[in-house]
Amino acid sequence: MTGDRTRRPQGSLRGPDQRRGQDARAAAEKAFKAVTAKPPPGPAEAAPVRPPGLPPVREQVTLRIDQDILERFREAGPGWQDRINAALRKALDP
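In this numbering scheme, every chain counts its residues from 1 along its sequence in written order. Given that this is a predicted model, residues contribute local features only at a pLDDT of at least 70 and side-chain atom pairs are listed and counted only at 80 or more, while totals for whole chains, interfaces and linings are drawn from all residues. To get the side-chain values, take all heavy atoms of the structure and skip hydrogens and water.

Peer 1: Where do I start with the pattern of salt bridges in this structure?
Peer 2: A side chain of one charge can pair with a side chain of the opposite charge when the charged atoms of the two come close. Note on definitions: salt bridges are taken to be side-chain nitrogens of Lys or Arg within 4 Å of carboxyl oxygens of Asp or Glu. Per the counting criterion, the structure on display carries two salt bridges. Notably, a salt bridge pairs arginine 25 with glutamate 29, separated by 3.2 Å at the nearest N-O pair. With a gap of four residues between them, arginine 25 and glutamate 29 both fall in helix α2 (residues 22-36), about one helical turn apart. Only protein chains enter the accessibility calculation, which uses a 1.4 Å probe. A residue is then buried if its area is under 20% of the maximum for its type, exposed if over 50%, and partly exposed in between. Residue arginine 25 is classed as exposed on the basis of its relative accessible area, which comes to 54%. Owing to a relative accessible area of 39%, glutamate 29 belongs among the partly exposed residues under this scheme. The residue arginine 58 makes a salt bridge to aspartate 82 at a minimum N-O spacing of 2.5 Å. Per the convention used, a helix needs a DSSP run of H or I reaching at least four residues, while a strand needs a run of E reaching at least two, with both numbered from the N terminus.

Peer 1: Got a minute to help me understand the confidence of the model for the chain in this structure?
Peer 2: Low-confidence regions, as indicated by low pLDDT, have predicted coordinates that should not be scrutinised in detail. Residue-level confidence of the predictor is what pLDDT reports, using numbers from 0 through 100. When pLDDT is averaged across the chain, the result is 76; 62% of the residues are at 70 or more. Confidence scores differ between elements of the chain, with helix α1 (residues 2-6) showing the lowest mean pLDDT of 56 and helix α3 (residues 67-75) the highest of 94.

Peer 1: Is there a simple way to think about the layout of surface pockets in this case?
Peer 2: In this approach the atoms are scanned with a rolling probe the size of a water molecule, which exposes any empty space left behind. Each pocket or cavity is described by its volume, and for the largest pocket that value is around 630 Å³. Using a grid of 1 Å spacing that covers the protein atoms alone, one calls a set of points a cavity when a 1.4 Å probe fits there but cannot get out, and a pocket when the set is open and has protein on both sides within 12 Å along at least five of seven lines; lining residues are those with an atom within 4 Å of a point. Around the largest pocket sit 18 residues that line it, and Glu59, Val61, Leu63, Gln81 and Asn85 are the ones nearest its centre. Broken down by secondary-structure element, the contributors of at least two residues to the lining of the largest pocket are α3 and α4 (80-92). Here the lining of the largest pocket gets six residues from one element, more than from any other, and that element is α4. For the lining of the largest pocket, the class distribution of residues is 10 nonpolar, four polar and four charged. Grid points are joined across faces, edges and corners, and a volume is the space filled by probe spheres set on the points. Put simply, Ala, Val, Leu, Ile, Met, Phe, Trp, Tyr, Cys and Pro go in the nonpolar bin, Asp, Glu, Lys and Arg in the charged bin, and everything else, Gly too, in the polar bin.

This is how it looks when you write it as structure tokens:
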């Protein structure tokens, strides 16, 4: 008879994989994942769409330019890099 008391009746809600404490751990893991998961990007986080006709994004490069040319661009004050870019763009246009 003592063996019959330790057996669970059929139809018990707890199965062999649901030991004491497993539900609490699963709930904690689910809560942790919900807090630490990165949400998918929404409309505000999406990459901005550039209107057509805008120049491409600038890229930093190292460029060797003769010293006298660089000094002439720098003499005109701030914006010398933009002026060099404009001069190069003008040289590319036919």
